[in-house]
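# Structure assessment
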Amino acid sequence: MSARATRRTAITGIGVVAPNGTDTGTYWKSVKEGLFVLDRITREGCGHLPLRVAGEVRGFDPSALIEETFLVQTDRFSHYAMAAAGAALKEAGLSDAAADSPYSVGVVTAAGSGGGEFGQRELQRLWGQGSRFVGPYQSIAWFYAASTGQISIRGGFKGPCGVVASDEAGGLDAVAHAARTVGRGTDVVVVGAAEAPLAPYSMVCQLGYPELSTAEDPARAYRPFTPAACGFVPAEGGAVLVVEDEDRARGRDAAVRAVVAGHAATFTGASRWDRSREGLAHAIRGALDEAGCAPEEIDVVFADAMGVPEADRAEALALADALGPHGTRVPVTAPKTGIGRSYCGAPVLDVVAAVMAMEHGQVPPTPNVFDVCHDIDLVTSTARPAELRTALVLSRGLMGSNAALVLRRDPGTAAPHDKENTHEQ
Amino acid sequence: MSSEVTLEELAALMKKAAGVTVDPQDLAARADTPFAEFGLDSLGLLGIVGELENGHGRALPTDAERCRTPRDFLDLVNSTLTAGA
């Protein structure tokens, strides 16, 4: 975010499609209880590939939620995004927002890939039957920008739209972009990310990542911050938020779930995990600065948790670098070890978990991680009750982007200390 | 394959190519209503043209994908298909 605008950005709606729950309530219950759902990949045509374990979204029926005209022209990743957007808008009480003022609602999504499954099907027609058998929707469905377009068309939204393509951390950058859009005067932005990387072509694209876990056993595949860390496992799904001007939200008596307080992003190069220490620390400092937040005010950290030893070490050290002694005391969690990393969707799911953790006063645990070998207070096994007013969400991408986002639960009751540090006004 | 494309076939193609559900009788009654009002966009019509070209093994005029109504479309398609029969 640029210099603080006088308009503050509130989160007023949440929609989730995740491996551990296809609605927000189920997702939070699963996260709070540390449910572990990583499993062998069952998608058709994937059995021979040396990527065995992932977080699949199961039991999701898009036809029950989305019109067929939208389904036939979109890939699974857009189905997740449209479903999550619909749920978020409904929760915010804005399902008919376009009817009154279509230009007051914008859409921003982030994407690490695009419609791989749809694209593969059409490319098989191209080389199997000929160019005349490629359907016209191939022109839009594979595109990483498809979800922003389809959400805006489906909702009739004509406000500022965008797509953030900045690696996995783009999920956080998209939220920041949405907050900037609100700061510039747009009332409401639908923002988030969802991905569908479990199809043969998409999986082959991922096989070149040295960080990818090719473990056979789901219980051993993704164990960040432990001596057994052997990479990350991918996941499907993601989350979409409705964000809006805080005053507007309060004016219409919408529930303000949290406020987007600060964000910063850096870039340190692909797979240069030692360098991500400095990049992540710099992003954390930037996000705290923008939020007017002292390190000690951070009540919980949602870690990136790459699951690669050098990356885990860099993240633990970055927390110490940026937060000082508080970095080893603040509760840290990584709910994604239970569901995998849905690329750009992963940090948005963490934002949802952070908002709900603050609402419920519970730091959710890091599933299936026990023997932590870094100097951080990683919450394991069961949720830890705590008064949570400020959360820090971290994300890194395989191509080298690092991002940090600060969320506040109840800015209306900020302590005097906060006000001294804030750059507002 | 019969070379005349019927309203029933067009309704089935609208469903298959674009996910648009329309009753053939409704399509017949509203044959001069723009495709857009049935929920069919330009890419959807392009997909229908492709299906017909592949099914009949011959090219249709480029104007086919620009037809605005079911009647215009079927008139053009059928005059092309029967002309060459």
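Residues numbered from 1 in each chain as written. Chains lettered and ligands numbered in written order. Predicted model: local features only at pLDDT ≥ 70, side-chain atom pairs only at ≥ 80, totals over all residues.

Per an unreviewed UniProt entry, chain B carries the name Acyl carrier protein and comes from Streptomyces venetus.

Spelled out, the test is: UniProt positions are given in the numbering used here, feature names are shortened, and annotations may be inferred rather than shown by experiment.
For chain A, the name recorded in an unreviewed UniProt entry is 3-oxoacyl-[acyl-carrier-protein] synthase 2, with Streptomyces viridochromogenes as its organism. What UniProt states about chain A under its Sequence similarities (unreviewed entry) heading is, verbatim, "Belongs to the thiolase-like superfamily. Beta-ketoacyl-ACP synthases family."

## Observations regarding the UniProt feature "domain: Ketosynthase family 3 (KS3)" (unreviewed entry) in chain A
Definition in use: Starting at the N terminus, helices and strands are each numbered in turn, a helix being any DSSP run of H or I of at least four residues and a strand any DSSP run of E of at least two.
Look at the UniProt record and you will see "domain: Ketosynthase family 3 (KS3)" (unreviewed entry) annotated at residues 6-409 of chain A. Along residues 6-409 of chain A one finds 35% helix and 19% strand; the C-alpha atoms at either end are 18 Å apart.

## So, the confidence of the model for chain A
Any region with low pLDDT has predicted coordinates that should not be read closely. Residues and elements named next belong to chain A. To be explicit about the condition: Values of pLDDT, which run from 0 to 100, indicate the predictor's confidence residue by residue. For every residue pair, C-beta atoms are placed from the backbone, and the pair is scored as a contact if these atoms sit within 7 Å.
With 95% of its residues at a pLDDT of 70 or more, chain A has an overall mean of 94. Predicted confidence is poor over residues 1-5, with pLDDT under 50, and the contacts of this stretch with residues over four places away or in other chains come to 10 contacts. Low pLDDT, under 50, characterises residues 413-425; the predicted model gives this stretch 11 contacts beyond four residues in sequence or across chains.

## What about the interface of chain B and chain A?
Worth spelling out the cut-off: When residues are grouped by polarity, Ala, Val, Leu, Ile, Met, Phe, Trp, Tyr, Cys and Pro land in nonpolar, Asp, Glu, Lys and Arg in charged, and all others, Gly among them, in polar.
Contacts between chain B and chain A engage 11 residues on the former and nine residues on the latter. Ranked by the residues each element gives to the side of chain B that touches chain A, the list is headed by helix H4 (residues 42-56) of chain B, at six residues. A per-class count over the side of chain B that touches chain A returns four nonpolar, six polar and one charged.

## Description of the domain arrangement of chain A
Residues and elements named next belong to chain A. The following threshold applies: Domain delimitation in this document rests on an assignment produced automatically or drawn from a domain database.
Split by domain assignment, chain A resolves into domain 1 (9-251) and domain 2 (259-410 + 417-421). For domain 1 and domain 2, the distance between their C-alpha centroids amounts to 21 Å. Facing the 64 residues of domain 1 at the interface are 56 residues of domain 2. If you list the elements that add at least two residues to the side of domain 1 that touches domain 2, you get strand E1 (9-17), helix H1 (24-32), helix H8 (170-183), strand E6 (188-195) and strand E7 (237-245). Sorting elements by how many residues they give to the side of domain 1 that touches domain 2 places H8 first, with seven residues. Grouping the constituent residues of the side of domain 1 that touches domain 2 by class yields 39 nonpolar, 16 polar and nine charged.

## Quick word on the nonpolar core
Note the threshold: Connectivity within a nonpolar core runs through C-beta atoms within 7 Å, and the core itself is a set of buried Ala, Val, Leu, Ile, Met, Phe, Trp, Tyr and Cys residues. As a rule, residues whose C-beta atom has 12 or fewer other C-beta atoms within 10 Å are exposed, those with 20 or more are buried, and those in between are partly exposed; C-beta atoms are placed from the backbone.
Within the largest apolar cluster, 134 residues are counted, with the highest numbers of intra-cluster contacts made by Ala84, Val190 and Leu407 of chain A. The residue makeup of this core includes at least three contributed by each of domain 1 (9-251) and domain 2 (259-410 + 417-421) of chain A. Not counting residues within four places of it along the chain, the set of residues in contact with Val190 of chain A comprises Ala85, Ala88, Leu89, Val105, Val107, Ile151, Phe157, Val240 and Val242 of chain A. Ile48, Val49, Leu52 and Phe73 of chain B belong to the second largest nonpolar core, which has 16 residues in total.

## Topic: the pairing of strand E8 (residues 258-267) of chain A
All names here are of chain A. Convention followed: Two strands pair if DSSP finds at least two bridges between them.
Along E8, nine of the 10 residues are buried, which leaves the element largely enclosed by surrounding structure. As judged from the three bridges shared by E1 and E8, these two strands associate in the antiparallel manner. Its bridge partner being in E8, Thr9 is matched across the sheet by Val260. Alignment of E8 against strand E15 (residues 401-408), held across eight bridges, turns out to be antiparallel. Within E15, the residue paired with Gly262 across the bridge is Val406.

## Considerations on the UniProt feature "domain: Carrier" (unreviewed entry) in chain B
Following the UniProt record, one finds the feature "domain: Carrier" (unreviewed entry) at residues 4-81 of chain B. Annotated as residues 4-81 of chain B, this span is 63% helix and 0% strand, and its ends, taken at the C-alpha atoms, are 7 Å apart.

## A look at the sheet that holds strand E5 (residues 161-164) of chain A
Residues and elements named next belong to chain A. Going by this rule: All axes are obtained by fitting lines to C-alpha atoms, using only the stretch in contact for helices, and the reported angles, taken between N-to-C directions, cover 0 to 180 degrees.
Pairing is mixed across the open sheet formed by 11 strands, whose spatial order is E5-E4-E6-E7-E1-E8-E15-E14-E9-E10-E12. If you trace the sheet from one side to the other, it starts and ends with E5 and strand E12 (377-378), each paired once. In this sheet, E15 lies alongside strand E14 (residues 390-396) in antiparallel orientation, the contact comprising seven bridges. Within E15, the position partnered with Leu392 by the bridge is Val406. Sitting on the sheet, helix H7 (residues 146-155) is in contact with strand E4 (105-110), E5 and E6, with an inclination near 155° to E4.

## Some remarks on the packing of helix H11 (residues 273-291) of chain A against helix H12 (residues 309-323) of chain A
The relative placement of two packed helices is expressed as an angle between their axes plus a distance between the axes. Residue and element names in this part refer to chain A. To be explicit about the condition: Crossings are sorted by hand: turned counterclockwise from the far helix by less than a right angle, the near helix makes the crossing left-handed, and turned clockwise it makes it right-handed.
Contact pair H11 / H12: the axes reach a minimum separation of 8 Å and the direction vectors enclose 35°. In this structure, the crossing between H11 and H12 has a hand that is right-handed. Contact residues: Trp273, Asp274, Ser276, Arg277, Leu280, Ala281, Ile284 and Arg285 in H11; Glu310, Ala311, Ala314, Glu315, Leu317, Ala318, Asp321 and Ala322 in H12. Residues that form the contact of H11 with H12 fall into these classes: nine nonpolar, one polar and six charged.

## Some remarks on the confidence of the model for chain B
In this model, chain B carries an average pLDDT of 93, and 95% of its residues clear a pLDDT of 70 or more. Listed scores for the predicted complex are pTM 0.94 and ipTM 0.89.

## As for the environment of Gly106 of chain A
Residues and elements named next belong to chain A. Mapped onto the elements of the fold, Gly106 is located in strand E4. By the C-beta count within 10 Å, which is 25 here, Gly106 ends up buried. Those residues in contact with Gly106 that sit more than four places away from it in its chain are Phe157, Gly159, Pro160, Cys161, Thr181, Thr186 and Val189.

## Things to note about H1 of chain A
Residues and elements named next belong to chain A. Our working rule: Note that the arc is computed from the directions linking the helix axis to the C-beta atoms.
Regarding H1, the residues found buried are Thr24, Tyr27, Trp28, Ser30 and Val31. Angularly, the buried residues of H1 cover 165° about the axis, an arc narrow enough to put them on a single face. On its buried side, H1 packs onto E1, helix H3 (76-92) and helix H14 (345-360). Gly34 lies just past H1 and shows a positive phi near 70°.

## Structural notes on the environment of Gln129 of chain A
With respect to the helices and strands, Gln129 of chain A occurs in the loop between helix H5 (116-128) and helix H6 (138-141). Assessed through the 11 C-beta atoms surrounding it within 10 Å, Gln129 of chain A is described here as exposed.

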